[in-house]
Amino acid sequence: MVDPIIVQLNKGMRSDLIRLEAELDRATAEATAGGGMVRARVNGHGVLRALEIDPAAFEGRDAALLADLVMSAITEAQRRAEVMVRDTGAAGLDAPAG
(Lines give C-alpha, C1' and ligand atoms only; values in the text may rest on other atoms or scores of the structure.)
Protein backbone atom coordinates (compact mmCIF):
# COMPACT_ATOMS: atom_id res chain seq x y z
CA MET A 1 0.00 0.00 0.00
CA VAL A 2 1.27 3.46 -0.90
CA ASP A 3 1.47 5.95 1.93
CA PRO A 4 -0.92 8.90 1.28
CA ILE A 5 1.67 11.33 2.66
CA ILE A 6 4.18 10.18 0.03
CA VAL A 7 1.54 10.63 -2.67
CA GLN A 8 0.84 14.20 -1.47
CA LEU A 9 4.55 15.02 -1.35
CA ASN A 10 4.97 13.68 -4.87
CA LYS A 11 2.08 15.82 -6.16
CA GLY A 12 3.56 18.90 -4.47
CA MET A 13 6.99 18.25 -5.93
CA ARG A 14 5.50 17.75 -9.38
CA SER A 15 3.61 21.04 -9.22
CA ASP A 16 6.76 22.81 -7.98
CA LEU A 17 8.70 21.39 -10.92
CA ILE A 18 6.03 22.52 -13.39
CA ARG A 19 6.10 26.01 -11.85
CA LEU A 20 9.89 26.11 -12.01
CA GLU A 21 9.92 25.04 -15.67
CA ALA A 22 7.44 27.80 -16.50
CA GLU A 23 9.57 30.38 -14.66
CA LEU A 24 12.67 29.27 -16.54
CA ASP A 25 10.80 29.54 -19.84
CA ARG A 26 9.78 33.14 -19.02
CA ALA A 27 13.09 34.28 -17.56
CA THR A 28 15.53 36.08 -19.82
CA ALA A 29 19.21 36.92 -19.76
CA GLU A 30 20.83 39.16 -22.32
CA ALA A 31 24.37 39.98 -23.41
CA THR A 32 26.02 42.06 -26.11
CA ALA A 33 29.29 41.88 -28.02
CA GLY A 34 31.15 44.20 -30.35
CA GLY A 35 30.17 47.32 -28.47
CA GLY A 36 26.49 46.39 -28.60
CA MET A 37 26.42 45.52 -32.31
CA VAL A 38 25.40 41.94 -31.50
CA ARG A 39 22.76 41.21 -28.84
CA ALA A 40 21.70 37.74 -27.72
CA ARG A 41 18.78 36.88 -25.44
CA VAL A 42 18.27 33.46 -23.86
CA ASN A 43 15.65 32.02 -21.55
CA GLY A 44 16.36 30.58 -18.10
CA HIS A 45 17.23 27.25 -19.69
CA GLY A 46 19.93 28.96 -21.75
CA VAL A 47 18.03 28.46 -25.02
CA LEU A 48 18.58 31.25 -27.55
CA ARG A 49 15.35 33.22 -27.98
CA ALA A 50 16.53 36.30 -29.89
CA LEU A 51 19.59 37.44 -31.78
CA GLU A 52 19.92 41.00 -33.04
CA ILE A 53 22.75 42.16 -35.29
CA ASP A 54 23.18 45.85 -36.04
CA PRO A 55 23.71 46.36 -39.80
CA ALA A 56 26.88 48.27 -38.93
CA ALA A 57 28.37 44.95 -37.78
CA PHE A 58 28.60 43.88 -41.43
CA GLU A 59 30.50 46.96 -42.59
CA GLY A 60 34.18 46.27 -43.13
CA ARG A 61 34.17 43.01 -41.17
CA ASP A 62 34.80 39.50 -42.33
CA ALA A 63 32.43 36.64 -41.64
CA ALA A 64 34.76 35.03 -39.08
CA LEU A 65 34.83 38.16 -36.92
CA LEU A 66 31.05 38.50 -37.06
CA ALA A 67 30.69 34.82 -36.14
CA ASP A 68 32.99 35.38 -33.14
CA LEU A 69 30.85 38.32 -31.99
CA VAL A 70 27.69 36.24 -32.31
CA MET A 71 29.18 33.33 -30.40
CA SER A 72 30.49 35.66 -27.69
CA ALA A 73 27.10 37.27 -27.16
CA ILE A 74 25.29 33.92 -27.02
CA THR A 75 27.83 32.34 -24.69
CA GLU A 76 27.73 35.30 -22.30
CA ALA A 77 23.92 35.38 -22.28
CA GLN A 78 23.86 31.66 -21.46
CA ARG A 79 26.39 32.18 -18.67
CA ARG A 80 24.26 35.01 -17.26
CA ALA A 81 21.15 32.79 -17.35
CA GLU A 82 23.03 30.11 -15.43
CA VAL A 83 24.19 32.62 -12.82
CA MET A 84 20.69 34.10 -12.57
CA VAL A 85 19.15 30.69 -11.92
CA ARG A 86 21.83 29.75 -9.39
CA ASP A 87 21.68 33.10 -7.55
CA THR A 88 17.89 33.35 -7.42
CA GLY A 89 17.09 29.70 -6.92
CA ALA A 90 14.79 30.18 -9.93
CA ALA A 91 12.54 32.48 -7.90
CA GLY A 92 11.56 35.86 -9.26
CA LEU A 93 13.10 35.22 -12.68
CA ASP A 94 10.86 37.54 -14.66
CA ALA A 95 13.35 40.40 -14.42
CA PRO A 96 15.79 40.45 -17.36
CA ALA A 97 19.49 40.27 -16.54
CA GLY A 98 22.08 42.03 -18.57
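If you're wondering where the values come from, they're calculated on a predicted model, not measured in any experiment. (Residues numbered from 1 in each chain as written. Predicted model: local features only at pLDDT ≥ 70, side-chain atom pairs only at ≥ 80, totals over all residues. Heavy atoms only, no water.)

1. Details of the overall build of the protein chain
Condition: Only DSSP runs of H or I reaching four residues or more are called helices, and only runs of E reaching two or more are called strands; each is numbered from the N terminus. Buried residues are those whose accessible area, probed at 1.4 Å on protein chains only, stays under 20% of the maximum for their type, while exposed residues exceed 50% and partly exposed ones sit between those limits. Throughout, a residue-residue contact means that at least one pair of heavy atoms, one from each residue, lies within 4.5 Å. Values of accessible area rely on a 1.4 Å probe in the Shrake-Rupley scheme; residue burial ignores everything except the protein chains shown.
Each helix and strand counted, the protein chain has two helices and three strands in total. Tracing the protein chain from N to C terminus, the helices and strands come up as α-β-β-β-α. Here the protein chain, with 98 residues, has 27% of them falling under the buried criterion. At a minimum sequence separation of 6, the contacts of the protein chain that also span at least 24 residues come to 49%. With an accessible surface of roughly 6400 Å², the protein chain has 59% of that area assigned to carbon and sulfur atoms.

2. Focus on the confidence of the model for the protein chain
As a reminder, the rule being used: Per residue, pLDDT captures the predictor's confidence, and it can take any value from 0 to 100.
Of all residues in the protein chain, 90% have pLDDT values of 70 or greater, and the mean over the chain is 85. Below pLDDT 50 for its whole length, residues 91–98 participates in 19 contacts with residues either more than four positions away or in separate chains.

3. Remarks on the pattern of salt bridges
How we decide: Only one rule defines a salt bridge in this text: a Lys or Arg side-chain nitrogen within 4 Å of an Asp or Glu carboxyl oxygen.
Per the stated rule, a full pass over the model turns up eight salt bridges. Here Arg-80 and Glu-76 are joined by a salt bridge, their closest N and O atoms 3.0 Å apart. In this pair, Arg-80 and Glu-76 are both assigned in helix H2 (residues 63–88), four residues apart and thus about one turn of the helix distant. By relative accessible area, Arg-80 is classed as partly exposed at 26%. Note that Arg-86 is salt-bridged to Asp-87, the shortest N-O span being 3.8 Å. Given a relative accessible area of 58%, Asp-87 falls into the exposed group.

4. Structural notes on the sheet that holds strand E1 (residues 28–33)
What counts here: Note: two strands are recorded as paired if DSSP finds a minimum of 2 bridges between them. Interaxial angles span 0 to 180 degrees and are taken between N-to-C directions of axes, which are lines fitted to C-alpha atoms, for helices over the stretch in contact.
Pairing is antiparallel across the open sheet formed by three strands, whose spatial order is E1-E2-E3. Of all the strands in the sheet, the pair left with one neighbour each is E1 and strand E3 (48–53). Shown here is a sheet whose adjacent strand axes are inclined to one another by a mean of 15°, direction ignored. Note that strand E2 (residues 38–43) and E3 share five bridges and pair antiparallel. Considered in E3, the bridge of Val-42 is made with Leu-48. Across the face of the sheet, H2 comes into contact with E1, E2 and E3 while running at roughly 150° to E1.

5. Let's talk about H2
Keep this limit in mind: In a helix, the anticipated span is given by 1.5 Å times the number of residues less one.
When the terminal C-alpha atoms of H2 are compared, their 37 Å separation across 26 residues agrees well with the 38 Å that a helix rising 1.5 Å per residue should span. On its buried face, H2 is in contact with E1, E2 and E3.

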